[in-house]
There are 2 protein chains.
Amino acid sequence: MEAVVLANGEYPANPLPLKILAEAPYVVCCDGGADEYIRRGNTPDVIIGDGDSLSDENRRKFGHILHRISDQETNDQTKAVNFLLAQGKRHIAIIGATGKREDHTLGNISLLIDYLRAGADVRTYTDYGIFIPCQGTRTFPSHPGQQVSIINFTARGLHGKGLVYPLSDFTNWWQGTLNECTDTEFTIEAEGEYLVFLNDTVLR
Amino acid sequence: MEAVVLANGEYPANPLPLKILAEAPYVVCCDGGADEYIRRGNTPDVIIGDGDSLSDENRRKFGHILHRISDQETNDQTKAVNFLLAQGKRHIAIIGATGKREDHTLGNISLLIDYLRAGADVRTYTDYGIFIPCQGTRTFPSHPGQQVSIINFTARGLHGKGLVYPLSDFTNWWQGTLNECTDTEFTIEAEGEYLVFLNDTVLR
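Residues numbered from 1 in each chain as written. Chains lettered and ligands numbered in written order. Predicted model: local features only at pLDDT ≥ 70, side-chain atom pairs only at ≥ 80, totals over all residues. Heavy atoms only, no water.

Asker: Describe the overall build of chain A, naming the residues involved and giving the relevant values.
Answerer: Within chain A, the regular secondary structure consists of 5 helices and 13 strands. Computed over the C-alpha atoms, the radius of gyration of chain A is 17 Å, within 12% of the 17 Å expected from 2.2 N^0.38 for a compact globule of 204 residues. Projected onto its principal axes, the C-alpha coordinates of chain A cover approximately 55 × 35 × 30 Å. Expressed as a percentage of its 204 residues, the buried residues of chain A come to 55%. Counting contacts in chain A only where the partners sit at least 6 residues apart, residues at least 24 apart contribute 61% of the total. If you sum the accessible surface of chain A, you get close to 8800 Å²; carbon and sulfur atoms cover 46% of it. (Helix = DSSP H or I, 4+ residues; strand = E, 2+ residues; numbered from the N terminus. Rg over C-alpha atoms; globule rule 2.2 N^0.38 Å. Buried < 20%, exposed > 50% of the residue type's maximum accessible area, 1.4 Å probe, protein only. Contact = heavy atoms within 4.5 Å. Areas by Shrake-Rupley, 256 points an atom, 1.4 Å probe, with all protein chains shown as cover.)

Asker: I'd love a proper account of the sheet that holds strand S11 (residues 179–180) of chain B, names of residues and values included.
Answerer: What the 10 strands build is an open sheet, ordered S4-S3-S2-S1-S5-S6-S7-S13-S9-S11 (chain B); its pairing is mixed. Each edge of the open sheet carries a strand with a single partner, namely strand S4 (66–67) and S11 of chain B. Relative to strand S3 (residues 46–48) of chain B, strand S2 (residues 27–30) of chain B runs parallel, the two being bridged by 3 bridges. Its bridge partner lying in S3 of chain B, Cys 29 of chain B is registered against Ile 47 of chain B. Helix H5 (residues 102–117) of chain A rests against strand S7 (129–135), strand S9 (147–152) and strand S13 (193–199) of chain B of the sheet, and its axis sits at about 65° to S7 of chain B. (Pairing = 2+ DSSP bridges. Axes fitted to C-alpha atoms, helices over the stretch in contact; angles between N-to-C directions.)

Asker: Give a description of helix H1 (residues 15–22) of chain B that names residues and reports values.
Answerer: Because the α-helix completes a turn every 3.6 residues, residues three or four places apart line up on one side. All names here are of chain B. Residues of H1 that are buried: Pro 17, Ile 20 and Leu 21. Taken down its axis, H1 places every buried residue within 100° of arc, on the same side. Looking at the buried side of H1, the elements it contacts are strand S1 (3–6), S2, helix H2 (33–39), strand S5 (91–95) and strand S6 (121–125). By the N-cap criterion, in which a side-chain oxygen at the helix start approaches the backbone nitrogen of a residue two or three places on, H1 is capped by Asn 14, the distance to Leu 16 being 2.7 Å. (Arc of directions from axis to C-beta. Polar contact = N/O pair within 3.5 Å; in protein donor to acceptor, adjacent residues only side chain to side chain.)

Asker: For the environment of His 67 of chain A, give the residues involved together with the corresponding values.
Answerer: Residue and element names in this part refer to chain A. With respect to the helices and strands, the residue His 67 is situated in strand S4 (residues 66–67). Put simply, His 67 and Val 46 are 21 residues apart on the chain and 7.0 Å apart in space, counted from C-alpha to C-alpha. With near-sequence residues (within four places) excluded, His 67 lies in contact with Val 46, Ile 47, Ile 48, Gly 49 and Phe 83.

Asker: An account of the relation of the copies chain A and chain B is needed here, citing residue identities and associated values.
Answerer: Laying chain A over chain B is done by rotating through 180° and shifting 0.0 Å along the axis; what remains is an RMSD of 0.0 Å. Viewed as a symmetry operation, the transformation between the two copies matches a two-fold axis. Closest to the rotation axis within chain A is the C-alpha of Gly 99 of chain A, separated from it by 3.0 Å. The share of interface residues of chain A whose copies in chain B are also at the interface is 100%, consistent with both copies meeting through the same surface. (Least-squares fit on C-alpha atoms with pLDDT ≥ 70 in both.)

What follows is the structure, encoded as structure tokens:
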């Protein structure tokens, strides 16, 4: 992984996203998301946003790494991902993207499909699990009993191996949620795009 | 409003959902969601679920109001809504449906469209705002500057009045998020189904 985007949702509490953040070679904070990161003794490589949710003190102190990108059509998470892609950094972890306003959560999660289309290898790590945007057939390591949700975007011919419940070409988000792994790996066969959510039962 | 469903997500902290819960004429708790409600001195009218996330003490003490509905195809929130619809209670508020596992949040929110199709007049109140499943053209009271998100499901011909940014037939969730009201009401013209999220800026 080449970079971490720390978004402006709830600051992570789970050990996995915290570890990813601590070990990140390059950290882009989304606007006010930088405040808590700095308060904990860290220095972001870049802060993306218009600075309106950043504290006055940090706006002064870190003005030299604040990149203002004015684009009403995208949010700060997308600006951060685009900033990294423009630098050739494709392998990206997103942290802190959920847990506050639910419309922000929905937006940030669904944008993963756009980042996949733009060529990013990106995952969102939350306090409850990992969102992975996928295209075509994919296999993932798992453990028996691990909960997994599949959220369909444009996929057809959805078929699962190593899952308790059968998959179909879901038309509503909830239909693929709350499935369960039966083995140490599972496979999703499909044409088109979908999101996988792996509930991290090990870390909680 | 005839009934409140208290789901098994994060217990509400915002004054609006807490007020709705306190004034509810009839409260259905989803399984373990009952524990905190009872701990605060309340008694649910019904507890729906298989009791596996309910505390041992409450399973014993409230066994007489625990309705076990075995259906692997639906979650407890849906069982609660169906239970109410079967009693003729159509006007339903859902509380505590978000804030923990994000796949549960996605599922619970998207299920509102199914409840609308089943004839329910239902809204989900979160700590950050209100989700309203809609069909066809709808007008809502608002205040200038209030943030609103529109998440498209099956709607065509989406067009807004009293909103800062124009609507179109969005194909990804994020596209209709983070709009803003310009006046004391706004209208969404459409054929088909969509979700409105009203960010409650007054109460925060």
